[in-house]
Amino acid sequence: MVTELKKFIDNKKVFFGAKQALKNSKELNNVIVPMDCRADVKNILQLNKINFRVIDLKKEELRIKLGIDFQCEVFCLRK
């Protein structure tokens, strides 16, 4: 999953964050959240009928593996 996510980032086909998920909901193919994503963020996604997958990595682990310089709770993969 991390390699797939990295490819999307490299190809600039990722929106970062819950606000971007809501704003671009029609353009989303998949939404990924880390295991330590806050409950209120998950609730916002669920209330807006945005399906997401929880992966078995924490935000900091994901940041390191993806080589990005910020922590993110919501990764939105574009179609």
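Residues numbered from 1 in each chain as written. Predicted model: local features only at pLDDT ≥ 70, side-chain atom pairs only at ≥ 80, totals over all residues. Heavy atoms only, no water.

J.: What am I meant to see in the packing of aromatic side chains here?
T.: The description of an aromatic ring pair rests on the distance of the ring centres and on the angle between the ring planes. By the definition in use, this model includes 2 aromatic pairs. Relative to F75, the ring of F16 has its centre 5.8 Å away and its plane inclined at 75°; by these criteria the two rings are edge-to-face. Taken as a pair, F16 in strand β1 (residues 14–16) and F75 in strand β4 (residues 75–78) lie far apart in primary sequence, 59 residues in all. F75 sits in the buried class, given a relative accessible area of 1%. (Phe/Tyr/Trp six-rings, centres within 6.5 Å; stacked < 30°, edge-to-face > 60°. Helix = DSSP H or I, 4+ residues; strand = E, 2+ residues; numbered from the N terminus. Buried < 20%, exposed > 50% of the residue type's maximum accessible area, 1.4 Å probe, protein only.)

J.: Is there a simple way to explain the confidence of the model for the protein chain in this structure?
T.: The predicted coordinates of low-pLDDT regions are not to be read in fine detail. Of all residues in the protein chain, 100% attain a pLDDT of 70 or more, and the chain-wide mean is 95. The lowest-confidence element of the protein chain is helix α1 (residues 2–10), averaging 92 in pLDDT; the highest-confidence one is helix α3 (residues 39–47), averaging 97. (pLDDT = per-residue confidence, 0-100.)

J.: Hey, could you run me through the pattern of salt bridges in this one?
T.: Pairing is possible between side chains that carry opposite charge, provided their charged atoms lie close to one another. What the rule picks out here adds up to 4 salt bridges. With its nearest N and O atoms 2.8 Å apart, the salt bridge here joins R63 to E60. Of this pair, R63 and E60 are both found in helix α4 (residues 59–66), 3 residues apart, which corresponds to roughly one turn of the helix. Here R63 falls in the partly exposed class, since its relative accessible area comes to 25%. (Salt bridge = Lys/Arg side-chain N within 4 Å of Asp/Glu carboxyl O.)

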